[in-house]
Amino acid sequence: GSDDSIETVRLALPTDCCFVDVRSRLGDELGWDDRTRRAAKFLFKLEGGNYCCLRDQERIKSRRSIFVNGASLRRKGLSSQQQPSSPRSGAAPASEAPRAEKRVQLGSAPP
């Protein structure tokens, strides 16, 4: 079904870290090889439904939801409770979203 194209991962990271740190953390948690780490592109959604690519040197700041193209967010060996969540209402229509929507929810890391 349509849920198969939605993948979500939640990470707690400090707001002053860069996307190179997000790439490293996701790669460690999901078992990405070097090629997958290089292929992953981080995007955020602009008003009007367009997407903008984030550079590794950019800081997370107040961003709470980013999208990933070029790499899977699925982890092997997860129980059904740990599988990525289904889309919430208000998710971008398939015509506006990246090919398969892969979202990283960012939260503040504890001090």
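Keep in mind it's a predicted model, so treat the numbers as computed, not measured.

So, how was this worked out
Residues numbered from 1 in each chain as written. Predicted model: local features only at pLDDT ≥ 70, side-chain atom pairs only at ≥ 80, totals over all residues. Heavy atoms only, no water. Core = buried A, V, L, I, M, F, W, Y, C linked by side-chain atoms within 4.5 Å. Buried < 20%, exposed > 50% of the residue type's maximum accessible area, 1.4 Å probe, protein only. Helix = DSSP H or I, 4+ residues; strand = E, 2+ residues; numbered from the N terminus. Contact = heavy atoms within 4.5 Å. Salt bridge = Lys/Arg side-chain N within 4 Å of Asp/Glu carboxyl O. Phe/Tyr/Trp six-rings, centres within 6.5 Å; stacked < 30°, edge-to-face > 60°. Lys NZ or Arg CZ within 6 Å of the ring centre and 35° of its normal. pLDDT = per-residue confidence, 0-100.

Counting 19 residues, the largest nonpolar core has Val22 and Leu26 as the members making the most contacts within it. Elements represented by at least two residues in this core include exactly strand 1 (7-12), helix 1 (19-30), strand 4 (65-69) and strand 5 (102-107). With four residues, the top contributor of residues to this core is helix 1. Residues in contact with leucine 26, not counting those within four places in the same chain, are Val9, Leu11, Gly31, Trp32, Phe42, Val68, Leu73 and Val104.

This next bit is on the pattern of salt bridges. Pairing between side chains becomes possible if they bear opposite charge and their charged atoms approach one another. What the rule picks out here adds up to five salt bridges. Arginine 74 is the salt-bridge partner of glutamate 7, the closest N and O atoms lying 3.8 Å from each other. A residue pair is termed long-range when its members are at least 10 positions apart, and glutamate 7 in strand 1 and arginine 74 in the loop between strand 4 and strand 5 qualify at 67 residues. Note on glutamate 7: relative accessible area 7%, which makes it buried. A salt bridge links glutamate 29 to arginine 25; the nearest nitrogen and oxygen atoms lie 2.8 Å apart. In this pair, glutamate 29 and arginine 25 both sit in helix 1, four residues apart, roughly one turn of the helix.

What follows concerns the packing of aromatic side chains. Enumeration over the complete set of coordinates arrives at two aromatic pairs. Seen from their ring centres, phenylalanine 19 and phenylalanine 42 are 5.9 Å apart, and the 35° between their planes marks the pair as tilted. Residue phenylalanine 19 is found in helix 1, and its partner phenylalanine 42 is found in strand 2 (residues 41-45); the two are separated by 23 residues along the sequence. Under the relative-accessibility criterion, phenylalanine 42 is labelled buried at 0%. On the basis of an interplanar angle of 90° and a centroid distance of 5.4 Å, the ring pair of tyrosine 51 and phenylalanine 67 is categorised as edge-to-face. Of this pair, tyrosine 51 sits in strand 3 (residues 51-54) while phenylalanine 67 sits in strand 4; the two residues are 16 residues apart in sequence, bridging distant segments of the chain. Accessibility expressed as a relative area gives 22% for tyrosine 51, which makes it partly exposed. The ring centre of phenylalanine 44 lies 4.8 Å from the NZ or CZ of arginine 63, which sits over that ring.

A word on unusual backbone geometry. For lysine 61, which is not a glycine, the phi torsion comes out positive at approximately 55°. Tracing the sequence through the fold places lysine 61 in the loop between strand 3 and strand 4. The exposure class assigned to lysine 61 is exposed, which follows from its relative accessible area of 57%.

What follows is about the confidence of the model for the chain. Note that predicted coordinates carrying low pLDDT should not be read in detail. Taken over all residues, the pLDDT of the chain has a mean of 74, while the share at 70 or more is 67%. Model confidence for the chain, summarised as mean pLDDT per element, is weakest for strand 5 at 76 and strongest for helix 2 (residues 34-39) at 93.

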